[in-house]
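Geometric and topological summary
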Amino acid sequence: MLNKSTTKTPMPEQEPALRARNFEEVAFGYTQAQAKREAERCLRCKNKPCVSGCPVGVDIPAFVGALAEGDTAAAADVIRRANALPAVCGRVCPQETQCEQLCVRGRNGEPVAIGRLERYTADWAMEYGEDETPAAPNGVRAAVVGSGPAGLTCAGALARLGYAVTVFEAFHKPGGVLVYGIPEFRLPKAIVAREIAQLEARGVVIETNCVVGRTVTVDELLAEGYRAVFVGSGAGLPTFMGIPGENLNGVYSANEFLTRVNLMRAFEKGAQTPIQPVRRVAVVGGGNVAMDAARCALRLGAESVSIVYRRGEQEMPARAEEIHHAREEGIAFRLLVNPVSLIGDEQGWVREMVCVEMELSEPDESGRRRPVPKEGSRVTLPVDAVVMAIGSSPNPLIRQTTPDLAANRWGCLVADEATGRTAKRGVYAGGDAVTGAATVILAMGAGQAAARAIHEDITDGRL
Amino acid sequence: MYRIVEAQRYNPQVKRLTVEAPRVARRARPGQFVMVRVDERGERIPLTIADSDAASGRVTIIFQEVGCSTAMLGALEAGDAVADIVGPLGVPSHLEGLGRVCVVGGGLGCAIAYPQAKALFGMGAHVDIIAGFRSASLIFLEEEMRAVSHGLTVCTDDGSNGCKGLVTDILKAALEKTDYDAVIAIGPLVMMKFVCLTTKPYAVPTIVSMNPIMVDGTGMCGCCRVTVGGEVKFACVDGPDFDGHLVDFDEAMRRNTIYRAQEQRSLQDHICRGEERLHAQ
């Protein structure tokens, strides 16, 4: 029976005042009854517009339909076929610009809450579903560099085809940005660990503490007998603004701040990685990473946290939900403001951020209106910590040590978008390493496409 | 887990561990470092590779116990293991083409200076070593350093080994006598700063090895940023070796104090916990 409600079934979540002081997950997820009610809002359109908005092509009406019929196991099967990390995607995908944006229900009211339903289904499958068993081996070894969303997806897809896949991870723990970047309260690390355990059950081997480009090179991997190498090493090199005072104590890249908190768990008693106690924090940037850093700072006990962004809210690249959650939790938004220098005290600790006001002119190449400084304007913010969340670019180690791999002027590896093929035979690349910092799901789409291309090239005898 | 096959204590603060890490040992070159994590809750500690042997797959580290993590590392013995070791990281030292070199080590820095001197000596260079310690009881690697140098001078701040003085005094005298292709200085920031000030008037290229605070060691966190010739560099991927005459040491010294308060507190807590354990036994 169709649920005619024009709004999404609400998902219960922690009260803002409470959650702003803990690292537990913000949203609790649907109950089965809530999921069924929400699934009943789906019109099961024949032409499935939502599917074309999904970078990995999940058959959305099929899984939502199964939920509406109360068959969560069938829904989980449908998702698993296309998505290696559904519990992750259900939490962090920008659904509002992808599947949900194309949902017909969205023309008159809110779209079907596809993301929440995916999360419900994946969480159910983790609890009650069975791990996939390894496929029959095809005797071909493949290497995957990086265990973030692109690498894990590629590894999972290849393993399902029977490849013996080894994933090489630089950190001591697999997951890439899912563990070092996205905070616990948005994506619990236990969930990531479970998704990875499911890939391992499928036969994927993960070798941590291996920095490809230092510990071993791409060419050595090929020489070791890996017929194909997929590079999904992400965009891990932080960008700084290049303004005076940026090396003062108390100024962090978002990578550093988030890695200390998320991967090294500096917020937990007993963890040995320190983080500076913060009181007045300014986070520069308007993306998901900025929101994550700001909300972490709040949870670490900061008195006041501001997002400092040079454009307006409309132009912010963060997911709508993250902006909404951040605001609910008490993060201040200093919009149309851009830092020009940081001022420190005698001991060299940052104490003040000097900014100019900005206004928006005509749209730039990204389609967003370009911010320009208002002449003579000046705004100062008292701060004792500053987090630079203005983007990141691919780490140079792989391109520096793989001579025949091309990179563009931003340091992104050059690879065919649809297949991940690079100019170097046997080497494929995808995700942020190719596109620069983007989303989890786009990286997953690239990992999946590369797995398909690797299989084609092996099958057709090109490798 | 990575098994410790040898442990040796040099002095109450300094210890040497040899660890089985074949992938690291296979590629390690002088000047590179590893990140070590003692256990599941541990932090990632950057430590320079003091020695490595590809054939046996072993890597040696020498470290000083300054905080909780290094104190925990210092409590390990042969047969124990560390949770993680990753590397080799950083750019290997450029030692090629150097014919006459003075290697200056200060305290723990001698542990890092030694492999550089050893490599240079092995390449046929003329190597003089100046090693400075606070006191005679803290001296380590003396025989090893002597074996890879043409002239070794070990001095102490308090003169307790019979040679009182700062490395910079001895270096200045050496610079007067010898025309070096390069000076390689490794030790506390303040020592490296003054070595650079000493060599500057002689226009001798001076290479320093920076050891700033870092989280990942692979270019990701940016915590290890160092200003070199007005440009921001990441010590982990652009270094750790830099042209000492271009390094902003004052900034580096300031940045090294970021976690000093936490470090001291954690070490204190660690000692307290150790005492509690002793009392409980």
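Bear in mind the structure is a predicted one, so any value in this text is a computation, not a measurement.

A closer look at the overall build of chain A
Counting secondary structure elements, chain A contains 17 helices and 16 strands. In terms of overall dimensions, chain A is globule-like: its C-alpha atoms have a radius of gyration of 22 Å, near the 23 Å expected for 463 residues. Out of the 463 residues belonging to chain A, those deemed buried represent 61%. Summarising the internal contacts of chain A: among those between residues at least 6 apart in sequence, 70% fall at separations of at least 24.

Description of the nonpolar core
Residues Ile60, Phe63 and Leu117 of chain A are the most contacted members of the largest nonpolar core, which totals 80 residues. Filtering out sequence-adjacent residues up to four positions away, Leu117 of chain A remains in contact with Tyr30, Ala35, Glu38, Ala39, Phe63, Val64, Leu67 and Val112 of chain A. Of all hydrophobic cores here, the second largest spans 56 residues; its members include Val284 and Met353 of chain A together with Met192 and Met210 of chain B.

A look at the domain arrangement of chain B
The parts lose accessible area when they come together, and the size of an interface is often stated as this lost area. All names here are of chain B. When cut into domains, chain B gives domain 1 (2-89) and domain 2 (92-209). Computed from C-alpha atoms alone, the centre-to-centre distance between domain 1 and domain 2 is 23 Å. Counting residues at the interface gives 14 residues for domain 1, matched by 15 residues for domain 2. Both faces combined, the contact of domain 1 with domain 2 buries some 1200 Å², and carbon together with sulfur accounts for 64% of it. Asp51 serves as the salt-bridge partner of Lys118, at 3.3 Å between the closest nitrogen and oxygen. Those elements that provide at least two residues to the side of domain 1 that touches domain 2 are strand 4 (45-53) and strand 5 (58-64).

Regarding the pairing of strand 11 (residues 350-363) of chain A
Residue and element names in this part refer to chain A. Where strand 10 (residues 337-344) lies against strand 11, seven bridges are found, and the strand directions are antiparallel. Bridging across to strand 11, Ile343 finds its partner in Glu352. Counted along the chain from strand 10 to the antiparallel partner strand 11, the turn is five residues long, and its residue Gly348 has a positive phi close to 90°. Bridge analysis of strand 11 against strand 13 (residues 379-382) gives four bridges, and the strand direction is antiparallel. What sits directly across from Val354, in strand 13, is Thr380. Across four bridges, strand 11 lies against strand 12 (residues 369-373) in antiparallel orientation. By the bridge assignment for strand 12, Met358 is matched with Pro373. Between strand 11 and strand 12, which follow one another and run antiparallel, lie five residues, and Gly367 among them has a positive phi close to 90°.

Quick word on the confidence of the model for chain B
Summing up the model confidence of chain B, the mean pLDDT is 92 and the portion of residues at 70 or higher is 95%. Taken together, the chains of this predicted complex give a pTM of 0.92 and an interface ipTM of 0.90.

Concerning the sheet that holds strand 14 (residues 385-388) of chain A
Residues and elements named next belong to chain A. Taken together, the five strands give an open sheet; going across it, the order is 6-14-7-8-9, and neighbouring strands pair in parallel fashion. Each edge of the open sheet is held by one strand with a lone partner, namely strand 6 (251-253) and strand 9 (332-335). Adjacent strand axes in the sheet meet at a mean angle of 20°, parallel and antiparallel pairs treated alike. Where strand 6 and strand 14 come together, three bridges link them in parallel fashion. Across the sheet, the residue bridging to Val251 is Val386, located in strand 14. Against the sheet, helix 13 (residues 288-299) touches strand 7 (280-284), strand 8 (304-309), strand 9 and strand 14, its axis set at about 165° to strand 8.

Examining the state of the cysteines
Counted by the stated rule, this structure contains zero disulfides over all chains. Here Cys93 of chain A stays unpaired: no disulfide links it, and the sulfur of Cys89 of chain A, its closest cysteine neighbor, is 4.1 Å away. Using a relative accessible area of 5% as the deciding quantity, one classes Cys93 of chain A as buried. Counting only cysteine sulfurs, Cys155 of chain B is the nearest neighbor of Cys102 of chain B, a cysteine outside any disulfide, at a range of 11 Å.

A look at the environment of Leu360 of chain A
All names here are of chain A. The topology assignment puts Leu360 in strand 11. Sequence-wise, Leu360 and Leu300 are 60 residues apart; in three dimensions their C-alpha atoms are separated by 34 Å. Not counting residues up to four positions away in its chain, the partners in contact with Leu360 are Arg311, Gly312, Glu315, Leu336, Arg369, Arg370 and Pro371.

Quick look at the pairing of strand 3 (residues 33-37) of chain B
Residues and elements named next belong to chain B. Most of strand 3 sits inside the fold, with five of its five residues counted as buried. Side chains Phe33, Met35 and Arg37 of strand 3 all project onto a buried face; the interleaved residues Val34 and Val36 project onto the opposite face, where all are buried too. Pairing of strand 3 with strand 4 involves four bridges; the strand directions are antiparallel. Paired with Phe33 across the bridge in strand 4 is Thr48.

Rules used throughout
Residues numbered from 1 in each chain as written. Chains lettered and ligands numbered in written order. Predicted model: local features only at pLDDT ≥ 70, side-chain atom pairs only at ≥ 80, totals over all residues. Heavy atoms only, no water. Helix = DSSP H or I, 4+ residues; strand = E, 2+ residues; numbered from the N terminus. Rg over C-alpha atoms; globule rule 2.2 N^0.38 Å. Buried < 20%, exposed > 50% of the residue type's maximum accessible area, 1.4 Å probe, protein only. Contact = heavy atoms within 4.5 Å. Core = buried A, V, L, I, M, F, W, Y, C linked by side-chain atoms within 4.5 Å. Domains from an automatic or database assignment. Buried area = accessible area lost by both parts, 1.4 Å probe. Salt bridge = Lys/Arg side-chain N within 4 Å of Asp/Glu carboxyl O. Pairing = 2+ DSSP bridges. pLDDT = per-residue confidence, 0-100. Axes fitted to C-alpha atoms, helices over the stretch in contact; angles between N-to-C directions. Disulfide = S-S within 2.5 Å.

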